[in-house]
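Results of the structural survey
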Amino acid sequence: MPRTDDIAAARAAFPRGLAQPAGYRFSKDSLLLAAFPAPGKARRVLDLGAGCGVVGFAFLLAHPDCAASLTALDISPAMVAASLENAQRLGVADRFSAVEADAANLPEMSGLKSAPFDLCLLNPPYRAPGTGRRSPHPGRNAAREESTATLADFLAAASRLLAPKGRLALCLPPARLPELLATLTANGLEPKRLRHVHPKPDTPCRLCLVEAAKGGKPGLAVEAPLLEA
């Protein structure tokens, strides 16, 4: 266990200093997503497709009074190892666990099946297969493009792992918003909140933040735009 001073320093520097596999770099979208949902009464939080865990850790640090446990799920063993290391650095290892699993083919794991989650955080790959420019580094491609699991796979996994009335918060570029809303509904996840992120007041939306509820009643609130500058 790190010393108290080391934990305080790691938290003060966050998100700088996180362990990340070579070639992988999270973006500020992860931090925008973490700040979007309120903790409410959540006691079990899932970071789905967690990478190094930045979204889940940012959520916990932003809500120091939230006593929720956090589970990170990722297909990459290197990402799982990085998230475990980061949990130690940040002093949250006592309420953190990591699962190596494929969102497109979830195993029948008791740790996931028997205790549904109250809140799921999801920063999925933004691009459909074969679209956009590819990076020479496989790790970056895996983070950017749906190489192992599609958006539909991630949403189906979230629906399966959430408790009734559990919430899903995610971000995605606006070009995929129609697909996202339709796929959420198809998986029993009712869109409840939508917020557009704009670089400046006179620029188009570049990112959509969406919150949905499992088995929720219809009714979508479109909130005031979030300006980055």
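Residues numbered from 1 in each chain as written. Predicted model: local features only at pLDDT ≥ 70, side-chain atom pairs only at ≥ 80, totals over all residues. Heavy atoms only, no water.

Let us look at the nonpolar core. By size, the foremost hydrophobic cluster in this structure holds 36 residues, and its most contacted members are Val45, Phe57 and Phe59. The set of elements that each furnish at least two residues to this core consists of α2 (28-35), α3 (54-62), β2 (69-74), α4 (77-89), β4 (117-122), β5 (162-172) and β7 (207-214). Element by element, the count of residues in this core is highest for α3, at six residues. Once residues within four sequence positions are removed from consideration, Phe57 is found in contact with Phe14, Cys52, Leu70, Ser83, Asn86, Ala87, Leu90, Val92 and Phe96. Core analysis: the next-biggest nonpolar cluster, separate from the first, contains 31 residues, Ala101, Leu106, Leu162 and Ala212 among them. (Core = buried A, V, L, I, M, F, W, Y, C linked by side-chain atoms within 4.5 Å. Buried < 20%, exposed > 50% of the residue type's maximum accessible area, 1.4 Å probe, protein only. Helix = DSSP H or I, 4+ residues; strand = E, 2+ residues; numbered from the N terminus. Contact = heavy atoms within 4.5 Å.)

What follows covers the pairing of strand β1 (residues 44-48). The two faces of a sheet get side chains in turn, since along a regular strand they alternate between them. Buried residues dominate β1, accounting for four of its five residues. Sheet analysis places β1 next to β2, joined by five bridges and oriented parallel. Within β2, the residue paired with Asp47 across the bridge is Ala72. Tracing the backbone out of β1, into α3 and back to the parallel element β2 gives a crossover that is right-handed. With four bridges joining them, β1 and β4 adopt parallel strand pairing. (Pairing = 2+ DSSP bridges. Right-handed = clockwise from strand over helix to strand, strands pointing away.)

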